[in-house]
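Overview (structure and organization)
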Amino acid sequence: MNTLSYLFLFALVAMLLTEYWLGRRQIRNVDAHRDHVPDAFTDNIDIDTHRKAADYTIARTRFGLVSGTYAALILVLFTLGGGLQLIDDTSRGMLDSPLAIGVLFVLITVIANALLELPFTLYKTFRLEGRFGFNKTTPGLFVSDMIKQLLLSLIIGVPLIFVALWLMQASGSLWWLYLWLVWMAFNLLAMIVYPIWIAPLFNKFKPLEDESVSSSVTSLLERTGFKVQGLFVVDGSKRSAHSNAYFTGLGKAKRVVFFDTLLDKLSTDEIVAVLALSLIHI
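Now for a quick tour of the structure. (Residues numbered from 1 in each chain as written. Predicted model: local features only at pLDDT ≥ 70, side-chain atom pairs only at ≥ 80, totals over all residues. Heavy atoms only, no water.)

A separate point is a nonpolar patch on the surface. On the surface, a cluster of nonpolar side chains totalling about 780 Å² of accessible area is made up of Ile111, Leu115, Val143, Ile147, Leu150, Leu151, Leu154, Ile155 and Ile156. At the level of secondary structure, the elements contributing two or more residues to the nonpolar patch comprise α4 (98–131) and α5 (139–170). When residues of the nonpolar patch are assigned to their parent elements, the largest contribution, seven residues, is made by α5. Mapping Ile111 onto the fold places it in helix α4. (Patch = residues over 30% accessible without salt bridge, like charges linked within 9 Å, V, L, I, M, F, W, Y side chains within 5 Å. Areas by Shrake-Rupley, 256 points an atom, 1.4 Å probe, with all protein chains shown as cover. Salt bridge = Lys/Arg side-chain N within 4 Å of Asp/Glu carboxyl O. Helix = DSSP H or I, 4+ residues; strand = E, 2+ residues; numbered from the N terminus.)

Examined bridge by bridge, strand β3 (residues 245–248) and strand β4 (residues 255–259) share four bridges and lie antiparallel to one another. Bridging across to β4, Tyr246 finds its partner in Val257. (Pairing = 2+ DSSP bridges.)

With respect to the secondary-structure elements, Leu116 resides in helix α4. Separated by 42 residues in the primary sequence, Leu116 and Ile74 place their C-alpha atoms 7.9 Å from one another. Residues within four places of Leu116 in sequence aside, it is in contact with Tyr70, Ile74 and Phe78. (Contact = heavy atoms within 4.5 Å.)

Attention now goes to the packing of helix α1 (residues 3–32) against helix α2 (residues 47–78). At their nearest, the axes of α1 and α2 sit 9 Å apart, and the two run at 170° to each other. Classified by the interaxial angle, the pair formed by α1 and α2 is roughly antiparallel. Contacts from Phe8, Leu9, Leu12, Leu16, Glu19, Tyr20, Gly23, Arg24, Gln26, Ile27, Val30 and Asp31 of α1 reach α2 at Ala54, Thr57, Ile58, Thr61, Arg62, Leu65, Gly68, Thr69, Ala72, Leu75 and Val76. Along the lines of polarity and charge, the residues of the contact of α1 with α2 split into 13 nonpolar, six polar and four charged. (Axes fitted to C-alpha atoms, helices over the stretch in contact; angles between N-to-C directions. Parallel < 35°, antiparallel > 145°, perpendicular 65-115°, else oblique. Nonpolar A, V, L, I, M, F, W, Y, C, P; charged D, E, K, R; others polar.)

Shown next as structure tokens:
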């Protein structure tokens, strides 16, 4: 190995050790306070719920440490282990065009990485989330989502990779600038297209009908000067019991989306508080 390889390994190990140290600190801190509900929440959260939340946080943190180490091993396998070279040799053996070889190389790499990470994805969805009662995804829905994601990756990803590689080949020393401009344009277009055509492929969206929530949310948005084109409810409960609310879209596609689980579990004031927190991050 050369100097850059050693530096790469050093940085990777340093990152893993730092993440492990921070993760262990998080686990110890959560475990130390597992049996005591903070005074500010004693009127709203019972001890069993608090313990479940602590146990879930610890389990997710441990899973993150293990999956992060596994992802690092995959990275080493692809780079220093010769995985990318093998994929490149395979691609060159199948095609003649440099652009086609490049596209195939990226596709095989992405698919191979997804397959290698699939066991952890399955464990997180069906074992970890299921153990705490959060998972609602069925095996059929999981497979359906994977097929849709693969098809979208091919339909959208292949042309995008082709354009990127063509720009790198044909644009000389300023290829990075043209590629950045294309990437920015793609992201802006995606912000318009995603909520209208892509997201509905995975979930059902309908206008928010609860007048109390709608009125309170509209008042919040008016006070903050944040303009949206609609308030929608998504059937998040078909995959998870988790609750959430988020902003998405751009221009006429700009909207607020509430998980149906959020509307079922929280009061109007609590829903507005969750949305206000989301506004802080925009």
